[in-house]
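# Structural overview
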Amino acid sequence: MSNLTELYCLMDEFCKAFEPQLNATLLANGQRKRIRTCRLSLAEMMSIVVLFHQVRPRQFKWFYLHYIQSHCRHDFPHLLSYNRFVDLMPRCILALSALLHTLRGKSVGFAIADSTSIAVCDNRVLR
């Protein structure tokens, strides 16, 4: 993705189809639970996580505090604090894995494994 808008549109279209299916298949344990809405949508959270992997900074905290909150505030008007975003990040794991599964395409039926030996320091033989 070369554009943040394209990335968000992809995530949003996927979430419009995925979230109703997910909510319909969730199992309940008999207790009533509140489903609170978040100011940041699932598509926005997924976009930030994917953007983190595209930009490739060393730390997510630096990326969120310095890149997202300073440069992308106009793209995400309802940004959460860093701590709250990290607390809510597990919500998007299932959706991201489902998206990656749908985007990977068909398997061609073969795989290549690299069998190059790896040099190890202090390689002791057990006797």
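I will try to describe carefully the structure that is included in this document. These numbers were taken from a predicted model, which means no experiment stands behind them. (Residues numbered from 1 in each chain as written. Predicted model: local features only at pLDDT ≥ 70, side-chain atom pairs only at ≥ 80, totals over all residues. Heavy atoms only, no water.)

Glancing now at the packing of aromatic side chains. According to the stated counting rule, one finds 10 aromatic pairs in the structure shown. Grouped by ring-pair contacts, the aromatic residues Phe52, Phe60, Phe63, Tyr64, Tyr67, Tyr82 and Phe85 constitute a single cluster. (Phe/Tyr/Trp six-rings, centres within 6.5 Å; stacked < 30°, edge-to-face > 60°.)

In this structure, leucine 88 sits in helix α4 (residues 82–88). The exposure class assigned to leucine 88 is buried, which follows from its relative accessible area of 4%. Leucine 88 sits 48 residues away from leucine 40 along the chain, and the two C-alpha atoms are 9.6 Å apart. Once residues within four sequence positions are removed from consideration, leucine 88 is found in contact with Cys38, Met45 and Leu80. (Helix = DSSP H or I, 4+ residues; strand = E, 2+ residues; numbered from the N terminus. Buried < 20%, exposed > 50% of the residue type's maximum accessible area, 1.4 Å probe, protein only. Contact = heavy atoms within 4.5 Å.)

Spatial relationships are all this shows, so hold off on functional conclusions.
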